[in-house]
Each structure stands twice: as structure tokens, then as C-alpha cells.
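Observations on the model geometry
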Amino acid sequence: MWLEHIDAFAYLFEEGGMIGLPHDKYDRILYMPKAVELLREYYGASSDNSLIPRIDHYLSKLGEDPDVLFEFIKHLSNDEKDALVDFPHYKRAVLILDLAMRCTPVVAAHQPHVGIPPASAKASSAHTIQENSINIRILGEKFLKEYEMEYRRDKKTDVPKSSMMENQRAISVFLSIVGDISSSEITKDHIKSYGNISYSLPARLNSIKGFGGMTNEEILRNHWRKVVEGDYSQYPKKNNGTLKKEFGTVKQFLRWLKKEAYINQELWEFIPNVSTSHSKNDRELLTQEDYRLFFNSSYYIQGKHKKPSDYWIPLIGIFTGCRVEEIASLFKEDIFKDSETDLWMIDINENLDIKKRRKTKAAIRRIPIHTQLIELGLLGYVNSLSMKSQLFPDLKANNDGRFSKKWVDKFNRHYPAKTKGDLIEKKDGSVVMVMGLLTQCGIEKIVKHPDGRKTSKSFHSFRHYFINEIDRMSGGDDRIKNFIVGQSYSGERVSNYIHVGRDDQFAMQKLIERINYPTVDFSKIRKIEHW
């Protein structure tokens, strides 16, 4: 069993001595539970009863840092601690921890006495929490590192860089508002204050006068008091979707603190619930006139597209309802003919070797190809590609493995210039509007409503319309509908690699073939099979 974790074991120990402890203190702390587990698995079953001497031996290699010693001893059982009482390195570690506890103030790096009293001692929950109290900033770093390790273990790949940055930002804001306190000092009032202040913070902290050129992390680390106490009513606020993500990360952090016995209350209950129904409505449906303007534009009729992705991704989008990343990350081999049904299919899959991920397990699916795509030359285009080619070789993955990021920015906002918004300043000082592909075709991207809301049209509007149409035509058959669009139904995760048989594929094809866009004359679209 222990061989499954030999990489972690070798990272800490080798027969007869220590090799390569992580240089970072918090990496060491995170490895302590695994170290204890591996020692038990490897030496606990040995015939010479060497577990206790081995534990003492490795304690001698951990140095004199109370935090590291504390985390190691904390995960020993009471029986193991009783057996270690007369061993020299355990006695030395207990002395270091006792001294650290007496010399450390209340808002300390930590109070490292948990697990040291005799096994017979019965400490109360409140007493355990107080003894287990650690500075909240240290715990924030520990939580993020542990999250990263668990993600890597479960997903067999690294956390996407953008997700990690979002988590770090959420924890940074929380810690800045709560202040420099220990875990035992956190109360519901801290959490309520965090929720209230979060609603008032501007979407971009570096837009505040005096903070220009600084990152969010620098602002929060060096000027958090000004951030917390300032009045930012004139600045744009975070949308509900962003707040919901940030609150979700902090809730996860508070649950982790409770699980690890750093707090004894369910403090996450005091974080506000954020409704995103309003923000989801911000996705405006395209009208039939919008579809005509786009697909019967000069780009399609005269063949003005310079890259296959610009031509094919929107077409595949309107006839499959796929998310833009699902289309952008396709490879030639993902377009295939099913040997049982004789239907041409699109295979939406994962490939973690190239960080190709799906949003959910339900998103892994196979979708019949609409005959309109075949008539427009999709199969001819696929056949023109080399064997292992991406479907769109002009798209390159970013650091998070996303193939669609630059493309969808170009589609939704700026094309062809590189700019952070819809305005770009020219060398002569003049400012011009840089239009996205939708806007260039005459589509009004922003829609203003009588109640003051503003909604926008984007690539995701294709999927929004497609799902509405499939839902309307499926007659309440959520199972087939969700096989097509890659969603869950009745709380169940679905994957048509497992569930979809011959009859289901034909049912999916029948629904997809009913999708049509009556205002678009597809016969006018210039057929381009080779690029």
C-alpha cells in the first residue's frame, strides 16, 4: 500500500536518514500528515516493532521549528504518544513546543500544545481550539497549498493558473478585512463585516486613486486599512458572479478551519448568499435578425475569413450548442463516424496531458453532427488536416490549457487590435472604438432595458438559444436534452460515453436536425474546405 505514495515518502525520508525536506516551511507542514501515515504503513506492519523508534528517529530530523514539530506530533495517536514518552527526540520536541507555547503571544504564529498532554487527558472542545490557535494568515497560506495538493492528487494535473489566482485573491480580501488575528479569535461579527465590506469594494482595486500600477495583492497587503475604511461609491462594483465565487472560496476556507479544529463554529453560515440569476440574465439572446446579419455577412458570403477558427467555430456553435472552449480544443480525431449508428459525431473529451479539461463530467459527451455542417464542408475540412492535428491549428493553448481565450476575446470585444477594452488609443492621441466580430456585422452588442439593466450578446448567446430550442422541442425529456448540451439532470452526473446507446444517438440526431435559423440563407455561405 505504501508504494502508492513512494513519491511523497521519498520526498521526506530514506532508509537510514533524511533526504530533501522541502525548503518552504509551509510545504513541510503540509507533508507532516502524510509522513505519519507512511511511517505507519511501512513500519507499523514490520515484525520487529520498529514503528515507535522510527518515529523518534524522524523527529530528530525535523529540526527545531515548533510549527513543523507541532504538525507532525499532532497526527500521532494517543497510544503512539504514550509509547514515545521516554524516547529522547520526542522528549526534546515536547520541550521545544512547551517553550514555544509559553513564549508566544496570543496573536501568535501558533500555540503548539495540541497532542502533547498525556493520552488520558480529556480536553474540552473550546480548550482544544484555543491550543490549536494559529495566526489566520498562516492558515490562509496553508489552506491554499493544501487545496493545490488535493487538486493535483484528485485531478492528476495542476490547478489552472486563473483559478489559483482567483482563490488567492478571495483569501487575500478576506484576511485583509478580518485583520491580523488568530483562528480562535474569529467571530461571526468578523464574517458579517467581511460580507458587508465585500459588497462595497470596487471591482478593480487598482482603479482607486493612489493605487494605480499596483496589483490587488500589493494593495491588500500594504494598504488594507485604507481599502477597508474607504468610500468607493463612485467606482463600479463587482458583479454577483464574482462575489459568489469569492464567497464560495471563503466558505470553503472556513469549513476547512472547522474540519482541522482551528475553529469550533460553523462561521460560513454568516456569509451572505448571492443570487446569480440576475447576472445569468445578463446574457442576451441573439435575435433571428442578428443571426442573419452575422452568417449572411460579407465574411461568410465573400469568404473573408483569414483563419479556419473564425469560419467554423460560430457555425459549429449554433448547431451543437457547445461551449466555445469545447469547440476550440477539438482535434481531428474528435470528428468520427460511429460504426454502430453510421452517424458522424463530435467527441467532446478530456486530455489532461495537454490540460484539456471539461467544465464538468457531464460535459464529456458525443454529439451527432447536423447535416448543415456537413453540407458546408466540415468533413472535407477535417480530411484536409494531418492525422494528429488540432481542428484549428491557428489556436494555441494559454498557460491554463485554454485554446479559446484569445479567440473569444476577439469575437466578443476587440478585433483585431490588442487592448484591454473596447477603446484603443492611437499614436496620434485619438481614441477609436475597436469592434468585436459581432459588432462588425452590425449587431448591437449591449441592450439597455427599461428597468435600467444592461445585457450583452456574446458567443455564449449561441449556446443559450440552442439550449432553449432543444428544451422546447424535447418535450420534457431532460435526459436526451442534457446528453446533447452536456449538463446534469435530476442531480445526476451524466456522460454519454456510459449511458448513450444506439437509440439515444438517433434520438439526439432527431432533435439536433430540428434546429434551424429561418432568417439565415446558408446556401449563400461560401464553402471553404481547405485553408
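What counts, and where the lines are drawn
- Residues numbered from 1 in each chain as written.
- Predicted model: local features only at pLDDT ≥ 70, side-chain atom pairs only at ≥ 80, totals over all residues.
- Heavy atoms only, no water.
- Helix = DSSP H or I, 4+ residues; strand = E, 2+ residues; numbered from the N terminus.
- Buried < 20%, exposed > 50% of the residue type's maximum accessible area, 1.4 Å probe, protein only.
- Contact = heavy atoms within 4.5 Å.
- Pairing = 2+ DSSP bridges.
- Axes fitted to C-alpha atoms, helices over the stretch in contact; angles between N-to-C directions.
- Parallel < 35°, antiparallel > 145°, perpendicular 65-115°, else oblique.
- Left-handed = near helix turned anticlockwise from the far one by under 90°.
- Nonpolar A, V, L, I, M, F, W, Y, C, P; charged D, E, K, R; others polar.
- pLDDT = per-residue confidence, 0-100.
- Expected span 1.5 Å × (residues − 1).
- Salt bridge = Lys/Arg side-chain N within 4 Å of Asp/Glu carboxyl O.
- Lys, Arg positive; Asp, Glu negative; His and termini not counted.
- Core = buried A, V, L, I, M, F, W, Y, C linked by side-chain atoms within 4.5 Å.

1. Here we look at the overall build of the protein chain
The helix and strand inventory of the protein chain stands at 24 helices and nine strands. Across the 531 residues that make up the protein chain, the buried fraction comes to 48%. Sequence separation of 24 or more characterises 68% of the internal contacts of the protein chain that already satisfy a separation of 6 or more.

2. Topic: the environment of H223
Within the secondary structure layout, H223 lies in helix α11 (residues 216-229). Residue classification places H223 among the partly exposed positions, given a relative accessible area of 32%. Counting along the chain gives 12 residues from H223 to F211, while the straight-line C-alpha distance between them is 9.1 Å.

3. Digging into the sheet that holds strand β5 (residues 365-368)
Strand order in this open sheet of three strands is β3-β4-β5, and the pairing throughout is antiparallel. At either end of the open sheet lies a strand with only one pairing partner, and these are β3 (335-337) and β5. On average, adjacent strands in this sheet sit at an angle of 35 degrees to one another, irrespective of strand direction. Bridge analysis of strand β4 (residues 344-348) against β5 gives four bridges, and the strand direction is antiparallel. Along β5, the bridge assignment pairs I346 with I367.

4. Some remarks on the packing of helix α22 (residues 460-473) against helix α23 (residues 478-485)
Between α22 and α23, the shortest axis-to-axis distance is 10 Å and the interhelical angle comes to 160 degrees. When the axis of α22 is compared with that of α23, the two are roughly antiparallel. As for the relative orientation of α22 and α23, their crossing is right-handed in sense. In this structure, α22 contributes R463, F466, I467, I470 and D471 to the contact, and α23 contributes D478, K481, I484 and V485. Looking at the contact of α22 with α23, its residues break down into five nonpolar, no polar and four charged.

5. Overview of the pairing of β4
Most of β4 sits out of view: four of its five residues are buried. Here β3 runs beside β4; their pairing, made up of three bridges, is antiparallel. Note on β4: the bridge partner recorded for F336 is M345. If you look at the hairpin formed by β3 and β4, you'll find six residues sitting between the two strands, and D342 has a positive phi there, around 65 degrees.

6. Overview of the confidence of the model for the protein chain
Across the protein chain, the average pLDDT comes to 77, with 74% of residues at or above 70. A low-confidence stretch, residues 1-20 stays under pLDDT 50, and its non-local contacts, those more than four residues away or across chains, total 45 contacts. Ignoring residues within four places in sequence, the model shows residues 414-427, a span with pLDDT below 50, making 31 contacts including any to other chains.

7. Details of helix α9 (residues 161-178)
Across its 18 residues, α9 extends 26 Å between first and last C-alpha, which sits within 8% of the 26 Å expected from 1.5 Å per residue. Every buried residue of α9 is listed here: M164, N167, A170, I171, V173, F174, L175, S176, I177 and V178. Phi turns positive one or two residues past the end of α9, at G179, with a value near 100 degrees.

8. Let's talk about unusual backbone geometry
Notably, A261 is not glycine yet its phi reads approximately 65 degrees, a positive angle. With respect to the helices and strands, A261 occurs in the loop between α12 (240-259) and α13 (277-280). Under the relative-accessibility criterion, A261 is labelled partly exposed at 26%. If you check the backbone angles, D342 has positive phi at about 65 degrees while not being a glycine. Along the chain, D342 turns up in the loop between β3 and β4.

9. Re the pattern of salt bridges
Once their charged atoms are close, side chains differing in charge can pair, the charge on each being opposite to the other. Tallied over the entire structure, the rule returns 21 salt bridges. A salt bridge links R292 to E289; the shortest N-O distance between them is 2.6 Å. On the criterion of helical spacing, the pair formed by R292 and E289 is a turn pair, its members being three residues apart in helix α14 (residues 288-295). Note that K481 is salt-bridged to D471, the shortest N-O span being 3.5 Å. Here K481, found in helix α23, pairs with D471, found in helix α22; they are 10 residues apart in sequence, far enough to count as distant. One salt-bridge network, held together by shared partners, links E71, K74 and K142.

10. With respect to the side chain of D56
With respect to the helices and strands, D56 occurs in helix α3 (residues 51-59). Buried D56, no salt bridge; nearest opposite-charge side chain is R92, N-O distance 8.0 Å. Sequence-distant contacts of D56, defined by excluding residues within four places in its chain, comprise L84, F87, P88, H89 and Y90.

11. Remarks on the nonpolar core
Within the largest apolar cluster, 61 residues are counted, with the highest numbers of intra-cluster contacts made by F295, W312, L315 and Y517. Element by element, the count of residues in this core is highest for helix α16 (residues 308-320), at seven residues. If sequence neighbours within four positions are ignored, Y517 has contacts with Q288, Y291, I318, F319, Y465, F466 and F522. Grouped together as the second largest cluster of nonpolar side chains are 58 residues, Y43, I96, I177 and I263 included.

12. Quick look at the environment of L379
Examined against the element boundaries, L379 turns out to sit in helix α19 (residues 378-383). When the C-alpha positions of L379 and I335 are compared, they lie 8.2 Å apart, and in sequence the two are 44 residues distant. Look past the residues within four positions of L379 in its chain and what remains in contact with it is I335, W344 and I374.

13. Section: the environment of E146
Along the chain, E146 turns up in helix α8 (residues 136-155). The class for E146 is buried, based on a relative accessible area of 16%. Along the primary structure E146 and L30 are separated by 116 residues, whereas in three dimensions their C-alpha atoms are 6.6 Å apart. Not counting residues within four places of it along the chain, the set of residues in contact with E146 comprises L30, W256 and E260.

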